[in-house]
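# Coordinate analysis (summary)
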Amino acid sequence: MIKLDLTITTEAPLVLRGTRGGSQFSPPLRYVPGTALRGALAVEYLRNGGRPTDDHFRALFLSDEVSYGPLFPCKEGKRARPLPASAVACKRYKGEHAASIGDALLRLELTSVLLESPGDGCRAPLATLAAWEGCPDCRDRYPGRLPNLRDRLEGYYVEEPFALVSTHTRLLTGVGMSRRTGTAAHRLLFSMGAIEEGQSFQGEVRLHGEEDRLQALLRELAPPQGTLRLGGARSRGQGRVRVEGWTAAENEAEPPLERRWRAFNEAVRRLWTASGLAPPQEDYFTLGVESPLILRNAWLRPVRPADVDAQALGLPPGVERRRAMLKEVTVRGWNVACGLPKEEMPAADAGSVFLFCAPVSLRASIQERLGQIEGYGAGERRNEGFGRMIACSPFHCRT
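Cut-offs used in this document
- Residues numbered from 1 in each chain as written.
- Predicted model: local features only at pLDDT ≥ 70, side-chain atom pairs only at ≥ 80, totals over all residues.
- Heavy atoms only, no water.
- Phe/Tyr/Trp six-rings, centres within 6.5 Å; stacked < 30°, edge-to-face > 60°.
- Helix = DSSP H or I, 4+ residues; strand = E, 2+ residues; numbered from the N terminus.
- Buried < 20%, exposed > 50% of the residue type's maximum accessible area, 1.4 Å probe, protein only.
- Lys NZ or Arg CZ within 6 Å of the ring centre and 35° of its normal.
- Core = buried A, V, L, I, M, F, W, Y, C linked by side-chain atoms within 4.5 Å.
- Contact = heavy atoms within 4.5 Å.
- Pairing = 2+ DSSP bridges.
- Salt bridge = Lys/Arg side-chain N within 4 Å of Asp/Glu carboxyl O.
- Axes fitted to C-alpha atoms, helices over the stretch in contact; angles between N-to-C directions.
- Polar contact = N/O pair within 3.5 Å; in protein donor to acceptor, adjacent residues only side chain to side chain.

## A short note on the packing of aromatic side chains
Across all of its chains, the model carries 13 aromatic pairs by this definition. With centroids separated by 6.3 Å and ring planes inclined at 75 degrees, the aromatic side chains of Y45 and F61 adopt a geometry described as edge-to-face. Placement of Y45 in helix α1 (residues 34–47) and of F61 in helix α2 (residues 55–61) is noted, with a sequence separation of 16 residues between them. When its relative accessible area of 11% is taken as the criterion, Y45 is described as buried. For F61, a relative accessible area of 2% puts it in the buried group. Members of the aromatic cluster, each reached through a chain of ring pairs, are Y45, F57, F61 and Y68. We note R398 situated over the ring of F162; from NZ or CZ to the ring centre the distance is 4.2 Å.

Spelled out as structure tokens, the structure:
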């Protein structure tokens, strides 16, 4: 498998709707989904004289040989990741001070463990947990005042050095057209949210088939310094992006799984010990969703995010789901060939995170399955970039 990093820069407002049209206002997505990238490259292939029946077209867009991941905003050439749903920061300053940014996942799990333990010895640790909810930066700056509480933080971030990354959007106002007369309709206005021009996005495209041939085809469809059209409102001049280039993805962009696993469990032991508890005998690990996760059960029925367990993710028996912090989204789409909408599916949105624990004896089999999930994704429509996940993200060690 080869991983390629694709970097693009917006040259015109980029309209990417999170919902279908039909309302007066359509909120925008703040990243470029893999399905939009796949569709733009498919249009470019057909525009250059290709046909849907070509072997190259099938390999690039209708098979699992190529997986088009989402493109997230980047900063100084580093690709950002979505913040997990467990990320918290000062409720007032919203992450302006790095000291207030933390992760609540292990704190919530520790609270559950303390409440499950018998006796009254958990009162002092619970009071410490309550104090952790206050912003440490506000406590240091205003020692005589009650600190602001920490609340959920959304957006994107980069590591080393840690920094938040945001996507700038604006509204594009238009006039509706009458289908009867073909002219502007009376008193029919609408607004579209769009990503502003001049912003860079980067994502990972994975090649699982004949890597050299597929890589050459992709570079031909989207050559460096070439242009692509993405998203909606393209007939109005929107959606033009410049391809900055393709580069080989860095294998060490994140520490290897085994090292992340050790660091996460070390954070668990430190937190448990500081609260007066014996370190857990089991292994803890997380799975964070980086693009919407679509799952079906054995009867081909959609699995709602709240019902996702270890079995649904293909983890070995004996793994227990301890906690889930979820953001649910309905995945929609449009089948251009048939002229029909795709089936609407409930999915766990990017940022959702699952916490599991398991006996130490299962460590090797679990890590093997986690490596498969990180490399090939999980669930359905993985060639469109859905189902991207990361295990034991270093962000969860910010306790």
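The rest of the description comes next.
## Considerations on the nonpolar core
Residues F285, L313, V319, F356 and L370 are the most contacted members of the largest nonpolar core, which totals 42 residues. Elements that contribute at least two residues to this core include exactly α3 (105–116), α7 (257–274), β16 (283–289), β22 (353–358), α8 (363–376) and β23 (389–391). Not counting chain neighbours up to four residues away, the residues in contact with F356 comprise D283, Y284, F285, L287, D309, A310, L313, L315, V319, E320, R321 and R322. The next biggest cluster of nonpolar side chains, apart from the first, holds 33 residues, and it includes L16, Y45, A222 and L228.

## Section: the pairing of strand β1 (residues 2–10)
Counting buried positions over the nine residues of β1 gives seven, a clear majority of the element. As paired elements, β1 and strand β15 (residues 240–248) share seven bridges and run antiparallel to each other. Pairing of L4 across the sheet is with A248, part of β15.

## Let's talk about the sheet that holds strand β5 (residues 81–82)
Spatially, β5-β9-β10 is the arrangement adopted by the three strands of the open sheet, whose pairing is antiparallel. The strands lining the two open edges of the sheet, one partner per strand, are β5 and β10 (163–165). The pairing of β5 with strand β9 (residues 156–158) spans two bridges and is classified as antiparallel. Looking at the pairing, R81 lines up with Y157 of β9.

## Observations concerning the pattern of salt bridges
All told, the structure shown has 25 salt bridges when counted by the stated rule. Among the salt bridges present, the one from E11 reaches R242, with a minimum N-O distance of 2.9 Å. Of this pair, E11 sits in the loop between β1 and β2 (25–26) while R242 sits in strand β15, placing them 231 residues apart in sequence. Classification of E11 by relative accessible area gives partly exposed; the value is 29%. R242 gets classed as partly exposed once you look at its relative accessible area, which sits at 23%. Through salt bridges with shared partners, one network takes in D5, R79, E204 and R206.

## Section: the sheet that holds strand β3 (residues 66–75)
Strand pairing in a sheet relies on backbone hydrogen bonds, with the paired strands running either antiparallel or parallel. Judged by pairing direction, the sheet is antiparallel, and its six strands sit side by side in the order β4-β3-β13-β1-β15-β14 without closing on themselves. Looking at the sheet topology across the chains shown, the edges are occupied by β4 (78–79) and β14 (227–229). Relative to strand β13 (residues 200–207), β3 runs antiparallel, the two being bridged by six bridges. The residue bridging S67 from the neighbouring strand is R206, located in β13. Of the strands in this sheet, β1, β3, β13, β14 and β15 are in contact with helix α6 (residues 211–221), which crosses β13 at around 150 degrees.

## Side note on the side chain of Q199
Mapping Q199 onto the fold places it in the loop between β12 (184–195) and β13. Classification of Q199 by relative accessible area gives buried; the value is 11%. Here the side chain of Q199 touches H168 through a polar contact of 2.8 Å, landing on its backbone oxygen. One polar contact links the side chain of Q199 to the main-chain carbonyl oxygen of E196, over a distance of 3.0 Å. Once you skip the residues sitting within four places of it in the chain, Q199 turns out to touch I8, T9, T10, S166, T167 and H168.

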